[in-house]
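Report on the structure
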Amino acid sequence: MELSSAEGASTRFLGLTQRSISEDLGCRRGEFSRKHYGSVELLISSDADGAIQRAGRFRVENGSSGENTDYAPGTWHRTDVHLENPEYHTRWYFKYFLGKVHQNYVGMDAEKNPFFLSVVLSDQNNQRIPQYHSILWRKTGTQKICLPYSPTKTLSVKSILSAMSLDKFEKSPREIFHPEIQKDLLVLEEQEGSVNFKFGVLYAKDGQLTDDEMFSNETGSESFQRFLQLLGDTITLKGWSGYRGGLDTKNDTTGTCSIYTVFQGHEIMFHVSTMLPYSRENKQQVERKRHIGNDIVTIIFQEGEESSPAFKPSMIRSHFTHIFALVRYNKQNDSYRLKIFSEESVPLFGPPLPSPPVFTNHQEFRDFVLVKLINGEKATLETPTFSQKRQRTLDMLIRSLYQDMMPDLHKGNNMLNRRSFSDVLPESPKATRKKEEARQAEFVRLGQALKLKTTVKGDTTANLATTSFCKKEPWESQSFCSNFPHEVVCADSWGQSLLVSTDAGILLIDDGQPSVQVFDKTLQIKQMNVLEALDLLIARTDKGKDSRILVFRLSAVQKDMETKKNIRSKYDCRENKLERTKGCHLYAINTHHGSELRIVAAIRNKLLLVTKKYNSENTSTSTSLLSSPESPVEEFQYIREICLSDPPVVMALVDGPTGDSDNMICVAYRHQFDLVNESTGESYRLHHVETNRVNFVAAIDVYEDGEAGLLLCYNYVCQYRKVYPFNGGSSLVQPSAYDFHFSWNQVPYAVVCAFPYVLAFTTDSIEIRLVVNGNLVHTAVVPELQLVASRSDIYFKATAAVSGSSDSSSKEMSSKNSPQTPTAYEKPELPLPSVEDEAPCKNLYKIPLSNLVGRSIERPLKSPLAPKVITTTTSSGITSLPVMHSLPLSRVEIKEIASRTRKELLGLLDEPIPKIESAQKLKKVSRRQSDPKQGAVRSSSSDRISSSFEGYPERCPLSTSSDPDTSANREESSPSSYPFQLISLYDEDIIDLK
């Protein structure tokens, strides 16, 4: 595509005349701060005479994080308001095991602690991706991992336990046949915490400084009553059949009414001080304190102006309450102000408060408060006070269950299988086939009965994924290139385009435009970096002894494309080879290149340090670029060579505090991560991996408040280590109090950090967690996933089977005994795509980094191909509907309405989802509906039936956000460009590729 001279010049020098916004975001995403989550303070409370009563250390969150804000109070829209560790992603045994054929084993480790292991081969969210889900039950808690299924390689119990770092046993594991074991394991899983919550609500008048005064308020103000109506519905306790939160529902001994709501599947009962029994004779109001004082989380609604004496947690005498949410109402602008106090031992939890923490949108305030309080109670359960109790309970339950099985273990009857390390799905002999089928049928029947009983009781996560049908998530992807026919080796973003190394050569791809050949297929690039601000393309080519590092000037590459010269080949790049880099198998560059670009090339066990110095003033003028040579090789200079004991597998550069002789190189080899000083070559041990087999994934340099740290990723582990300062005289980098670690559910092959998220990419899923605490936020199932580029925007390739008119169901893959899981004697046989019904489709997708980091790109990035005209169309989103509270409903009525609403919403979709089973259900629902565009819906924020959709667009873009930052990306592409559609069916959270 040809450009005019003016257009070509302006586009050609875009990356040099001004620093790319994409580049800025790419650097910023590795920066994070825990200051957004408050700071620890010593809070002292005193009486009216000034005498000190109590003191305590609390983390105070008031939204003053020091970040620059250019928005008015009330216009705040963040993308990181999520429930952390959602139960429909963490309660594995209920979701994947219960009611399905699976295997359970019992054993004792080398320290004579009994353990249980549960394994199931299931179809990952019905996406035709068979996986082994494994749960290891120990007194320290549960460990959960996913293992890939291979039809040609059997998986043994020993290999599963080895993946969980359990290799030595006092007694080898044996399989449990008795179906009653499901009830005991479900009890073990329930020890992780309740799915329902009870929160205290305490009304405080202006000037009240003691808990006796606050608890003695017989009634609340008008603003307090409106706040209660915002939280939930007023229900009559007598005869109440839902979650009661410890309140009396028979004799009215705890009051006659209370506040109740359902939020994202969680039932919440509020212990309101003014609704609990009041006693004029008892000044301490023991009955009220008995409930609110035993709540982990309490809301304090305080009257008065901002200048009035503020509430302090030390005013409340309670050893159980760990989190206080202070709420103030401002009548002048009809807004709420929020402040959070967390006991010092409570781990960090989100979402962080906005700055300032003022909400004029009451519905957003309600959502934020409920998410914050639910996450806070979950975080409190990890404090020593609660975790030690839970560990003692788990130890007692596991040992008791183990003792109950000891007689059967010695007798060797049918309850336990003596095959210690048999296959997880063993082949049953023909003679015992009928007996095995009968046992499995009874096993499934009992499991399904337990699942139904748990659901009716309300301790279920079955309906937790039925909300937020039209909520735009920050990780939502956009279609970038459809039907991409080539195999991708590596890639990097260039403006809005993507430079891709494929089996057909190097291509430049832009959304909606034909690809352009940059280099032919003789040049095989294995690793690349596009540095627009430096006008550089760095690439590692070929392999083995012939591999080298090449450097190109982007303006020269772009000029060749504009003039349509002959496509460059490998032999045209001789002048672009960096000296001394022959045989390079890996290289790394510093991500925060301020005044100096550093390249470290690994050649076997040697590290070659090369730098490029440049003048930032000259790079802003195009005249200096016109006079610069086409090849930038001469601008690089060799510094030194550093010898290692082994060739590095993973490498990352870390910027020192001063940049003068304190820059570091993180290398991973054998069983360790080391830090190597660039100036002296001295090596320091950073972390040693205590496992037999190590799979190094990544070392990511991150900067917490400007101080360097590293995310070390290997096997299932992601560990954060602070780098500076450390004792230079020691060979070990000592751990600091800021270090932390967490575990993935599946071994990733790539990890991307985009604060506040860290994303792990596997072959079939994206696991999304928070950087500051490692809590799980979401798991997206993406079949045949390949990460392509992640320096700025995240690009990935995924292959999906397009559904045809086949009537086959994914349930037909399974045996008759288990509707979703293959039996122990049947290996899964996945239906192969047929020529008539299905065709393979390879697409490239993009997750905008601006959505993940919560910042807006003020101007669109121009493509190096051609100036791109973006036409914005009016988005036909769903209008915001006022939330009205319904009358109290029974649990059965709520579930019936929720089920009917879910079906009505699913019937609104015009296109069948490429999931065979779901498509059949949608067809059946649509036939029964007379008007698919109208129907009662549950409010995505309150989960109550209160509003209806009117004039629902034919293709909903799945967004109700009014955020201009996110709507800009939405308007740029059509609704059909979003390949992921969030659809919830019962207890499955499904993301389908379109």
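Right, let's walk through the structure included here. (Residues numbered from 1 in each chain as written. Predicted model: local features only at pLDDT ≥ 70, side-chain atom pairs only at ≥ 80, totals over all residues. Heavy atoms only, no water.)

**Examining the pattern of salt bridges**
Proximity of charged atoms lets side chains of opposite charge pair with each other. Tallying each qualifying case throughout the model produces 35 salt bridges. Residue Glu-87 is joined to Lys-378 by a salt bridge in which the shortest nitrogen-to-oxygen separation is 3.2 Å. Here Glu-87 is found in helix α4 (residues 87-90), whereas its partner Lys-378 is found in helix α11 (residues 362-380), with 291 residues between them in sequence. Residue class for Glu-87 comes out buried when judged on its relative accessible area of 5%. Under the relative-accessibility criterion, Lys-378 is labelled buried at 15%. Linked through salt bridges whose partners overlap, the residues forming this network are Asp-211, Asp-212, Lys-289 and Arg-317. (Salt bridge = Lys/Arg side-chain N within 4 Å of Asp/Glu carboxyl O. Helix = DSSP H or I, 4+ residues; strand = E, 2+ residues; numbered from the N terminus. Buried < 20%, exposed > 50% of the residue type's maximum accessible area, 1.4 Å probe, protein only.)

**Points about the sheet that holds strand β41 (residues 776-781)**
With antiparallel pairing, 4 strands are arranged side by side in an open sheet as β38-β39-β40-β41. The open sheet has two edge strands with one neighbour each: β38 (750-754) and β41. Neighbour-to-neighbour, the strand axes of this sheet turn through a mean angle of 15°, independent of strand direction. (Pairing = 2+ DSSP bridges. Axes fitted to C-alpha atoms, helices over the stretch in contact; angles between N-to-C directions.)

**A few points about helix α7 (residues 181-190)**
Three or more residues of α7 are buried, namely Ile-181, Gln-182, Leu-185, Leu-186, Leu-188 and Glu-189. One side of α7 carries all its buried residues, which in axial view fall inside an arc of 155°. (Arc of directions from axis to C-beta.)

**Comments concerning the nonpolar core**
Of all hydrophobic cores here, the largest spans 41 residues; its most connected members are Val-201, Phe-227, Phe-270, Ile-299, Leu-338 and Phe-365. Those elements that place two or more of their residues in this core are β9 (197-204), α9 (222-231), β11 (257-263), β12 (266-272), β13 (297-302), β14 (323-330), β15 (335-343) and α11. The biggest single contributor to this core is α11, with 8 residues. Setting aside chain neighbours within four positions, we find Ile-299 in contact with Gly-200, Val-201, Leu-202, Phe-227, Leu-231, Phe-270, Ala-325, Val-327, Val-369 and Leu-373. (Core = buried A, V, L, I, M, F, W, Y, C linked by side-chain atoms within 4.5 Å. Contact = heavy atoms within 4.5 Å.)

**Topic: the sheet that holds strand β30 (residues 650-654)**
Strand order in the open sheet made by the 4 strands is β30-β31-β32-β33, with antiparallel pairing throughout. Edge positions in the open sheet fall to β30 and β33 (683-688), since each of these has one partner strand only. For this sheet, the mean inter-axis angle between neighbouring strands, taken without regard to orientation, is 20°. Judged from the 5 bridges that link them, strand β32 (residues 672-677) and β33 form a sheet pairing that is antiparallel. Looking at β33, one finds that Gln-672 is bridged to His-688.

**Overview of a positive patch on the surface**
A surface patch of like charges, here positive, comprises Lys-545, Arg-574, Lys-577, Lys-582 and Arg-604. Residue position: Lys-582 is located in the loop between α14 (554-563) and β26 (586-589). Using a relative accessible area of 48% as the deciding quantity, one classes Lys-582 as partly exposed. (Patch = residues over 30% accessible without salt bridge, like charges linked within 9 Å, V, L, I, M, F, W, Y side chains within 5 Å. Areas by Shrake-Rupley, 256 points an atom, 1.4 Å probe, with all protein chains shown as cover. Lys, Arg positive; Asp, Glu negative; His and termini not counted. Charge placed at Lys NZ, Arg CZ, Asp CG, Glu CD.)

**Digging into the environment of Val-751**
The topology assignment puts Val-751 in strand β38. Remark: the alpha-carbon pair of Val-751 and Cys-713, spanning 38 residues in sequence, is separated by 7.7 Å.

**As for the pairing of strand β22 (residues 513-519)**
Two elements, strand β21 (residues 505-510) and β22, share 4 bridges in a ladder whose sense is antiparallel. Looking at β22, one finds that Asp-510 is bridged to Gln-513. Between β21 and β22, which pair antiparallel in sequence order, lie 2 residues; one of them, Gly-512, sits at a positive phi of approximately 85°.

**Here we look at the packing of α7 against helix α13 (residues 433-457)**
The interhelical angle for the contact between α7 and α13, taken along N-to-C directions, is 35°, at an axis separation of 9 Å. The hand of the α7/α13 crossing is right-handed. Along its contact with α7, which presents Ile-181, Gln-182, Lys-183 and Leu-186, the element α13 presents Phe-443, Leu-446, Gly-447, Leu-450 and Thr-454. Across the contact of α7 with α13, the residue classes break down as 5 nonpolar, 3 polar and 1 charged. (Left-handed = near helix turned anticlockwise from the far one by under 90°. Nonpolar A, V, L, I, M, F, W, Y, C, P; charged D, E, K, R; others polar.)

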